[in-house]
Amino acid sequence: MPTFVLGPNQYGKAETRIVRVVRGPGGDELTDLNVSVALRGDLAASHLTGDNSGVLPTDTQKNTVYAFAREHGIAGIETFAARLAEHFVSGQPSIHEARVAVEQYPWRPVDGAHTFRRDGGEVRTATVHHGPYGTQTVSGVTGLVLLKTTDSEFHGYVKDRYTTLPETRDRILATSVNATWRHSGAADSATARQALLDAFADTYSLALQQTLFAMGSRVLERCPDVAEVKLSLPNKHHFLVDLAPFGLDNPNEVYYAADRPYGLIEGTVRRDGVAIPEEVVWSF
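Described below are features of the structure shown in this document. (Residues numbered from 1 in each chain as written. Predicted model: local features only at pLDDT ≥ 70, side-chain atom pairs only at ≥ 80, totals over all residues. Heavy atoms only, no water.)

With respect to the pattern of salt bridges
Keep this limit in mind: Salt bridge, as used here, is a side-chain nitrogen of Lys or Arg placed within 4 Å of a carboxyl oxygen of Asp or Glu. Strands here are runs of E lasting at least two residues and helices are runs of H or I lasting at least four, both read from the DSSP assignment and numbered beginning at the N terminus. Exposure categories follow from relative accessible area, calculated using a 1.4 Å probe and restricted to protein chains: below 20% of the type maximum is buried, above 50% is exposed, and the middle band is partly exposed.
If you walk through the whole model with that rule in mind, you get twelve salt bridges. Residue arginine 218 pairs with glutamate 221 through a salt bridge whose shortest N-O separation is 3.9 Å. One end of the pair, arginine 218, and the other, glutamate 221, are both in helix α5 (residues 208-222), three residues apart, so they sit about a helical turn from each other. Taking relative accessible area as the criterion, glutamate 221 reaches 61% and is therefore assigned exposed. The network of salt bridges with shared partners includes Arg182, Glu228 and Arg270.

So, α5
Where we set the bar: One fewer than the residue count of a helix, multiplied by 1.5 Å, yields its expected span.
Between the first and last C-alpha of α5 there are 21 Å, a value that for 15 residues agrees with the 21 Å anticipated at 1.5 Å per step. Those residues of α5 not exposed but buried are Leu208, Thr211, Leu212, Ala214, Met215, Gly216, Ser217, Arg218, Val219 and Leu220.

A short note on unusual backbone geometry
Put simply, arginine 260 and proline 261 share a cis peptide bond, and its omega is 0 degrees. Although it is not a glycine, glutamate 15 adopts a positive phi angle of roughly 55 degrees. Following the sequence through the fold, glutamate 15 ends up in the segment before β1 (16-22). Located in the positive-phi region is asparagine 252, a residue other than glycine, with phi close to 55 degrees. Its location among the elements puts asparagine 252 in the loop between β10 (238-240) and β11 (255-257).

Some details on the packing of aromatic side chains
How two aromatic rings sit relative to each other is given by the distance of their centres and the angle of their planes. The test is simple: Two rings from Phe, Tyr or Trp (for Trp, the six-membered ring) form a pair when their centres are within 6.5 Å of each other. A pair whose planes differ by under 30 degrees is stacked, one over 60 is edge-to-face, and the rest are tilted. Here, a charge over a ring is recorded when the distance from Lys NZ or Arg CZ to the ring centre is within 6 Å and its angle to the ring normal is within 35 degrees.
A full pass over the atoms with the stated rule returns one aromatic pair. Note on phenylalanine 154 and tyrosine 157: the rings are 4.8 Å apart at their centroids and 20 degrees apart in plane angle, and the pair reads as stacked. Lying over the aromatic face of phenylalanine 200, lysine 148 brings its terminal NZ or CZ to 5.7 Å of the ring centre. A cation sits over an aromatic face here: lysine 236 above tyrosine 262, 5.1 Å from the ring centre.

Set out below in structure tokens:
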């Protein structure tokens with residue numbers, strides 16, 4: 001008879017949506033989060049025999065998120081995630097590791113008091129792993145859409161019988177930045193974000209790969225507590241439209257914004273000589 005064993009496993013409450021309003025005489029403050037919790041530990045019995053004596057219900061995890069928002073506030077998503085992760089590990093002997101991932105959706109005040117508008121697609125992120133190995137914090141941003149209308153080229157690449165892409169000495173460069181940075185918990189995410197913006201803007205780009213390295217390097221320059229930066233940059237292609245059939249020229253003015261397929265450039269920029277611990281990633 002075949003023998004089966006239980007491999008790595010986890011459970012938790014995913015995507016708890018929470019909005020917290022801090023009311024004050026100078027106007028309200030609004031924090032909008034999506035919180036996901038995952039736990040690991042001595043949980044095999046639940047899988048093998050249905051024994052739930054070591055299982056903290058996912059509904060309890062959800063309630064803890066809400067209660068902590070009231071009891072402790074949300075000074076920052078990294079601090080909030082770390083407090084939750086440490087609570088789940090210290091509060092239950094069967095739980096040995098916790099991962100808390102938080103997305104923060106930006107709202108900006110309209111009248112300075114009680115009215116807000118939701119910003120675009122950009123989302124702040126933070127993921128905290130807490131367990132026997134200690135605490136690891138990774139902050140980041142997703143959906144940060146950037147575009148520059150010039151100061152970008154692409155040429156000198158490999159060509160074969162299937163190549164049709166023309167070389168260009170002047171093109172639009174656009175991307176939607178997905179970036180994370182590992183740090184000790186003290187990194188200023190606003191500084192890291194601004195470093196990404198500045199590097200994209202002032203780097204004369206001969207390839208999106210070159211821009212990626214410049215963006216990661218700029219974060220490391222400005223944020224001494226950051227050990228590494230990971231970037232995923234889809235190349236949002238803009239192609240010149242051929243207007244010759246209409247008797248018109250096109251001096252880099254009219255473009256077709258392609259939705260897909262798109263190039264995807266990904267990479268990691270690390271400090272030289274700094275040991276990077278193995279990241280705890282739970283995915284199946």
